[in-house]
Each structure stands twice: as structure tokens, then as C-alpha cells.
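Given next are the chains, with one letter for each unit.
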Amino acid sequence: MDPIDTGSGSILRQPKAVWATAGASVVAFMGIGLVDPILPSIAEGLDATAGQVSLLFTSYFLITALAMLVTGFVSSRIGGRRTLLLGLALVVVFAGLSGTSGSVGELVGFRAGWGLGNALFVSTALAVIVGAAAGGSAAAILLYESALGLGMACGPLLGALLGDASWRYPFFGTAALMAVGFACIAAFLKEQPRPARRTSLLDPVKALGHGGLASTAVSAFFYNYTFFTVLAFTPFVLDMSPYRSGAVFFAWGVLLAVFSVLVAPRLQKRFGSLRVLGGSLVLLAVDVLVLGHGGHTAAVACTVLSGALIGVNNTVYTELALGVSDAPRPVASAGYNFVRWFAAAAAPFFAPRIEEWSDVHMPFTVAAVTAVLGALVVLVRRRSLTAEAEELRPRHATEDGVGVYAN
């Protein structure tokens, strides 16, 4: 079957509202890796240390994690369209303010506001695309995942192209692109039906009372520490120009997109979700060890290769999170992401400090250990996951934003 043919029609034949939301989703996901190639430039421009600059990720993802408890509460009350516009407006404001920062403290604070806006947007975008798309949910989800992969790949590239002139320009560029997305959604997207039941702030936490969902979230927490050690700390180790660093992470993002959308579902169908997840986590641990302890060429190669393993993991984790419990998908996704995004905030904070306490190799050793811990959780808790995992089919499902990146 043609990858863009879902059986119900081509994903290319969509209403303008869907394309507007998908286009804005690309830019939203670009914001995650946008700062990767320019981290050294930001540190130099603001006279900051690697540890201080890494807080750009910590503040962003800490607010994103906390916002997971709020997004369903907000969207079930004001509707999907208004939630998207609110999220986009916050990103435009705080991305623009980020470019005006006079200190690393200001930049970290503005990135926190950006994280809130991004959380509101990406947690709502899939539901809006599914509601407005032609060709059924399969076409809509494939389109959403394609937007995610394109954004993750192009973020570092845009950061490199604009950041070569000044580290401030990528922030202004993102604000401008998101303003266009805001205008398109305001013009083309009609309000979507609101859910019959309003989501409370505690619903995602209550959903974690399910053993299978809690196990998935804990395993994903350890995995995400590894993931964001690669994303946030590797640029300092590579020590390359913005163009070269952007090219490395562009290749990383391409592999992430290809393996999450095309390869992971085939592996799941052949070997089963838990075997694929456990094997991929172990391989990621090996990859990160070589990245941290090998030479410069090995570090570049392993950074790019990690994108393939991360793409597989993102897909399997998200499908487990959305299918392992009987909680509504938006609620299960919010609870799962509430746990795992804390690791995305922790890794950029601890990695530079671990280097200061020891050496440049130790942060990657720790990251390899956390990947193995994620695999061990899957192994120990396989009974609570096996029945559900066997029932899963590659649905390209994601409700979060990063994933399938999850969210």
C-alpha cells in the first residue's frame, strides 16, 4: 500500500483547516530541537556556562510536564480551536521575547512560557486534526506523525541556518512562523465539538493508578532521560559550528521520523511491542556508551544513529500508553506524559553537572544506565503489559506532541 494511502483515501486530500493545523504542528515540533545547534553560540553570546544554557530545556520541559495536567482541563472547557490559538499566541509572544533576552536567566524564563504554549498546542492538535480530517482517523494520525517527524528534523536545520548569523534569529524566526500558523488556524479552522464530559485536573493522575499505565510511564521516564541527554548535552561534546551541528541533528531527525512512522510498526508486527521496545532500549544504551566514550567521528555517527532507536521507542511507548489502560486516550496520554516529561527536564540539568563532578564521559554512562533501567521495568512488569501489548496494532497513535513522540 502506498504510504500516503490509508485505504480510505490519500492523506493529501484534506481540508484547509487540517493543513493549517498540521503546518502549525510542524513549527511547534521544530521548537524542541531548534536550539540544539546554537547552544554553544548562546553560551558565548550571553557569557553563560553549558549548565546554565542547558536550563533552556529544563524550564521548557518542566512547564510542559506540569501543563499536561492543565491542557485537558482547558480544552474541555473552551474548545479545541481556542486552545490551539491560545497555545500559538503564547509561543509567538515568548519565542519573540526569547530573542530579546539580555541574560541567560531571562532566556530560561521565556522558554518556560514557550513550553506552556507548546503544551497547550501539541496536546490538542491531534484531536483537532482527527475531527477535521477527511479519510478517517488513520489518515489524520499519519498526517500528524508526518508533521511531527518533519518538525523534529527541520528544527535543528532552521536553528543552524538562522543561528549562524546570530543566536537570536532562530527565536524571531519561530515567532514569525507561529504567527502565520495562528492566522491560518484562525481563518480556516472552525470550532470542534467539545467533549461530553469535562476533564478535571486530577484525572491524569488518577489514570496512573492503573498498573500497566504506571509501568509504561516509569519505563518511559528512564528512557527520556537518555533521549534528552543526547538531545541537550551532545551539542557541547560535538563542539561543531551551527551549520555542521544542524546537519548532524537534521540527519538524526530524519531517522527519527522514518523509523517512528515506517519501521517501528513493521517491527512490532513481526516481533511484538515488548520485544521491540526492550531490544531497542538495550541498543540505545550501547549507542550512547559509544557516543560518550568514542572519538569525534564515533560521536557524530552514534548521534545520528540514536535517532532511529529513539523513533522506534517513541512509537512503541506511545501506543502502549494509549492502549494499556481503559482510561480515555487524552487522559491516559496526559498522565503518561506528566511523568515522562520530568525526565526531559532533569537530563539537561544533571548532564552538565555530572560532567563538572567527574568528566565528559560520565553523563553518557549515566544515560546508558537509565536506558537499561527502562528495559528492566519492561521486563519485570511484562505481565501487566503483555496482554495489552499483544492486542496492540501499529496505529501510529500519539496524543502528545514529541512522540510519536508522545507527546
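Please read these numbers as outputs of a predicted model, since none were measured by experiment.

## Side note on the overall build of the protein chain
Part 1 of the reasoning: A count of helices and strands for the protein chain gives 16 helices and zero strands.
Part 2 of the reasoning: Within the protein chain, the proportion of its 407 residues that are buried is 58%.
Part 3 of the reasoning: Accessible surface computed for the protein chain: about 15,100 Å², of which carbon and sulfur atoms make up 66%.

## Side note on the nonpolar core
Part 1 of the reasoning: Formed by 112 residues in total, the largest nonpolar core has its most connected members in Ile42, Phe61, Phe121, Phe171 and Ile185.
Part 2 of the reasoning: Residues in contact with Phe121, not counting those within four places in the same chain, are Thr21, Ala24, Ser25, Ala28, Leu84, Gly87, Leu88 and Ile185.

## Here's the deal with the side chain of Ser98
Part 1 of the reasoning: Here Ser98 is to be found in helix H5 (residues 80–98).
Part 2 of the reasoning: Once you skip the residues sitting within four places of it in the chain, Ser98 turns out to touch Leu107, Phe110, Arg111, Trp114, Trp167 and Phe171.

## Looking at the environment of Asp359
Part 1 of the reasoning: On the secondary structure map, Asp359 appears in the loop between helix H14 (329–357) and helix H15 (362–380).
Part 2 of the reasoning: Take Asp359: its relative accessible area is 34%, and that puts it in the partly exposed class.

## Some thoughts on the side chain of Thr64
Part 1 of the reasoning: Among the secondary structure elements, Thr64 is positioned in helix H4 (residues 55–78).
Part 2 of the reasoning: Dropping the residues within four chain positions of it, Thr64 is found in contact with Gly115, Ala119 and Trp341.

## Quick notes on unusual backbone geometry
Part 1 of the reasoning: With phi around 50°, Asp47 is a residue other than glycine that occupies positive phi space.
Part 2 of the reasoning: Among the structural elements, Asp47 can be located in the loop between helix H2 (39–45) and helix H3 (50–53).
Part 3 of the reasoning: We classify Asp47 as exposed; its relative accessible area is 72%.

## Description of the environment of Thr21
Part 1 of the reasoning: By the element assignment, Thr21 lies in helix H1 (residues 16–33).
Part 2 of the reasoning: Taking the C-alpha atoms as reference points, Thr21 and Leu84, separated by 63 residues in sequence, lie 8.7 Å from one another.
Part 3 of the reasoning: Ignoring any residue separated from it by four or fewer positions in sequence, one finds Thr21 in contact with Leu84, Phe121, Ala125, Val128, Ile129, Ile185 and Leu189.

## Considering the packing of aromatic side chains
Part 1 of the reasoning: This model, assessed by the stated rule, comprises 17 aromatic pairs.
Part 2 of the reasoning: Measuring from ring centre to ring centre gives 6.2 Å for Phe227 and Trp252, while their planes differ by 45°; the resulting arrangement is tilted. You can see Phe227 sitting in helix H10 (residues 211–238) and its partner Trp252 sitting in helix H11 (residues 242–271), a full 25 residues away along the chain. Residues Phe227 and Trp252 agree in their burial class; the two are buried.
Part 3 of the reasoning: Its end group placed over the ring of Phe73, Arg77 keeps NZ or CZ at 3.7 Å from the ring centre.
Part 4 of the reasoning: We note Arg353 situated over the ring of Phe349; from NZ or CZ to the ring centre the distance is 4.0 Å.

## Some details on a nonpolar patch on the surface
Part 1 of the reasoning: On the surface, a nonpolar cluster with roughly 530 Å² of combined accessible area is contributed by Leu157, Leu161, Tyr243, Phe250, Val254, Val258 and Leu262.
Part 2 of the reasoning: Put simply, the parts of the chain that give the nonpolar patch at least two residues each are helix H7 (136–163) and H11.
Part 3 of the reasoning: Among the elements that take part in the nonpolar patch, H11 stands out by supplying five residues, more than any other.
Part 4 of the reasoning: For Val258, the location among the structural elements is in helix H11.

## Quick look at the packing of H4 against H5
Part 1 of the reasoning: Put simply, H4 and H5 touch, their axes get as near as 7 Å, and they point 125° apart. As the angle between them shows, H4 and H5 are arranged oblique. On the side of H4, the interface is formed by Val74, Ser75 and Ile78, while H5 contributes Gly80, Arg82 and Thr83.
Part 2 of the reasoning: The residue makeup of the contact of H4 with H5, split by class, is two nonpolar, three polar and one charged.

## Let's talk about helix H8 (residues 169–188)
Part 1 of the reasoning: Taking 1.5 Å per residue, 20 residues should reach 28 Å; H8 reaches 29 Å between its end C-alpha atoms and fits that length.
Part 2 of the reasoning: Buried residues of H8: Pro170, Phe171, Gly173, Thr174, Ala175, Met178, Gly181 and Ile185, and no others.

## Things to note about the packing of H10 against helix H13 (residues 296–323)
Part 1 of the reasoning: Direction vectors running N to C along H10 and H13 enclose 155°, while the axes themselves pass 10 Å from each other. Looking at the two axes, H10 sits roughly antiparallel to H13. The handedness of the crossing between H10 and H13 is left-handed. Contacts between H10 and H13 pair Leu213, Thr216, Ser219, Ala220, Tyr223, Phe227, Val230, Thr234 and Leu238 from the former with His296, Ala299, Val300, Thr303, Ser306, Ile310, Asn313, Asn314, Tyr317, Leu320 and Ala321 from the latter.

## Quick word on the environment of Phe228
Part 1 of the reasoning: Within the secondary structure, Phe228 sits in helix H10.
Part 2 of the reasoning: Relative accessible area serves as the criterion here: at 0%, Phe228 is assigned to the buried category.
Part 3 of the reasoning: Separated by 113 residues in the primary sequence, Phe228 and Trp341 place their C-alpha atoms 9.9 Å from one another.

## Points about the confidence of the model for the protein chain
Interpretation of the predicted coordinates at a detailed level should be avoided for regions scoring low in pLDDT.
Part 1 of the reasoning: Considering every residue of the protein chain, the mean pLDDT works out to 83; 87% of them sit at 70 or more.
Part 2 of the reasoning: Long-range and interchain partners of residues 1–9, a stretch whose pLDDT sits below 50, account for 15 contacts in this model, where long-range means more than four residues apart.
Part 3 of the reasoning: A low-confidence stretch, residues 389–407 stays under pLDDT 50, and its non-local contacts, those more than four residues away or across chains, total 102 contacts.

Rules behind the numbers
- Residues numbered from 1 in each chain as written.
- Predicted model: local features only at pLDDT ≥ 70, side-chain atom pairs only at ≥ 80, totals over all residues.
- Heavy atoms only, no water.
- Helix = DSSP H or I, 4+ residues; strand = E, 2+ residues; numbered from the N terminus.
- Buried < 20%, exposed > 50% of the residue type's maximum accessible area, 1.4 Å probe, protein only.
- Areas by Shrake-Rupley, 256 points an atom, 1.4 Å probe, with all protein chains shown as cover.
- Core = buried A, V, L, I, M, F, W, Y, C linked by side-chain atoms within 4.5 Å.
- Contact = heavy atoms within 4.5 Å.
- Phe/Tyr/Trp six-rings, centres within 6.5 Å; stacked < 30°, edge-to-face > 60°.
- Lys NZ or Arg CZ within 6 Å of the ring centre and 35° of its normal.
- Patch = residues over 30% accessible without salt bridge, like charges linked within 9 Å, V, L, I, M, F, W, Y side chains within 5 Å.
- Salt bridge = Lys/Arg side-chain N within 4 Å of Asp/Glu carboxyl O.
- Axes fitted to C-alpha atoms, helices over the stretch in contact; angles between N-to-C directions.
- Parallel < 35°, antiparallel > 145°, perpendicular 65-115°, else oblique.
- Nonpolar A, V, L, I, M, F, W, Y, C, P; charged D, E, K, R; others polar.
- Expected span 1.5 Å × (residues − 1).
- Left-handed = near helix turned anticlockwise from the far one by under 90°.
- pLDDT = per-residue confidence, 0-100.

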